[in-house]
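Tertiary structure, described
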Amino acid sequence: MDLVQMQKSLQDYTKSLFLEGVLDSQFLQLQQLQDESNPDFVSQVVTLFFQDSDRILNDLSLSLDQQVVDFKKVDPHVHQLKGSSSSIGAQRVKNACVVFRNFCEQQNVEACHRCLQQVKQEYYLVKNRLETLFKLEQQIVASGGMIPAMELGF
């Protein structure tokens, strides 16, 4: 695949992430903070998000598996995941966390277990998709190309 085709593939792939609701405009704002002095800014921020999210999801699983669930411990984790997913533009993860928090407020253990599975599903989806996006970007740069700017004009 030549450079122009790779750039077009990247644009099409990125566009699909927005159209599917995987990402929102916050991700574009994050990309705008990246420049020549810090070319890996977005991937570094997203990698931190992945590390934190893996830890939070593990903590949530442990908390919900207790004999007596302490929702005062569960809710802050869900709130933190909602905030961090929102800050990188992981829209579907954020939306799943909103529903999860509602069930935490109701102290509905069964619904929280279902929500945790939904949050995990959305998280692994965005993680897989962003890892693919970063690989496409790396291939373009390795071929001597520039990453085309993305706008929400679609």
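Residues numbered from 1 in each chain as written. Predicted model: local features only at pLDDT ≥ 70, side-chain atom pairs only at ≥ 80, totals over all residues. Heavy atoms only, no water.

**So, the UniProt feature "domain: HPt" (unreviewed entry) in the protein**
Test applied: UniProt positions are given in the numbering used here, feature names are shortened, and annotations may be inferred rather than shown by experiment. Comment: elements are numbered from the N terminus, with helices defined as DSSP H or I runs of at least four residues and strands as E runs of at least two.
Here the UniProt-annotated "domain: HPt" (unreviewed entry) positions come out as residues 38–143. For residues 38–143, the end-to-end C-alpha separation is 19 Å, with 86% helix and 0% strand making up the annotated structure.

**Quick notes on the layout of surface pockets**
Heads up, the rule is: Using only the protein atoms, space was sampled on a 1 Å grid; points where a 1.4 Å probe fits but cannot get out form cavities, open sets with protein on both sides within 12 Å along at least five of seven lines form pockets, and lining residues are those with an atom within 4 Å of a point. Grid points are joined across faces, edges and corners, and a volume is the space filled by probe spheres set on the points. When residues are grouped by polarity, Ala, Val, Leu, Ile, Met, Phe, Trp, Tyr, Cys and Pro land in nonpolar, Asp, Glu, Lys and Arg in charged, and all others, Gly among them, in polar.
Each pocket or cavity is described by its volume, and for the largest pocket that value is around 790 Å³. Along the wall of the largest pocket there are 24 residues; nearest its centre are Gln-31, Gln-34, Pro-39, Glu-137 and Ile-147. Among the elements of the structure, α1 (3–19), α2 (25–32), α3 (41–64) and α6 (109–142) are those that each provide at least two residues to the lining of the largest pocket. Of the residues forming the lining of the largest pocket, the biggest block, 5 residues, is contributed by α6. When the residues that make up the lining of the largest pocket are grouped by side-chain class, the tally is 12 nonpolar, 8 polar and 4 charged.

**Considerations on the nonpolar core**
Quick note on the threshold: Buried Ala, Val, Leu, Ile, Met, Phe, Trp, Tyr and Cys residues that are joined via side-chain atoms within 4.5 Å together make up what is termed a nonpolar core. Think of it in three bands: residues with accessible area under 20% of the maximum for their type are buried, residues over 50% are exposed, and the middle band is partly exposed, with areas taken using a 1.4 Å probe on protein chains only. Two residues form a contact once any of their heavy atoms are found within 4.5 Å.
Counting 42 residues, the largest nonpolar core has Val-46, Val-74, Phe-100 and Leu-130 as the members making the most contacts within it. Counting residues per element, the ones that place at least two in this core are α1, α2, α3, α4 (71–88), α5 (91–105) and α6. Top element by residues in this core is α6. It accounts for 11 residues. Those residues within four positions of Leu-130 in sequence are excluded, and the remaining contacts are Leu-23, Phe-27, Val-46, Phe-50 and Ile-88.

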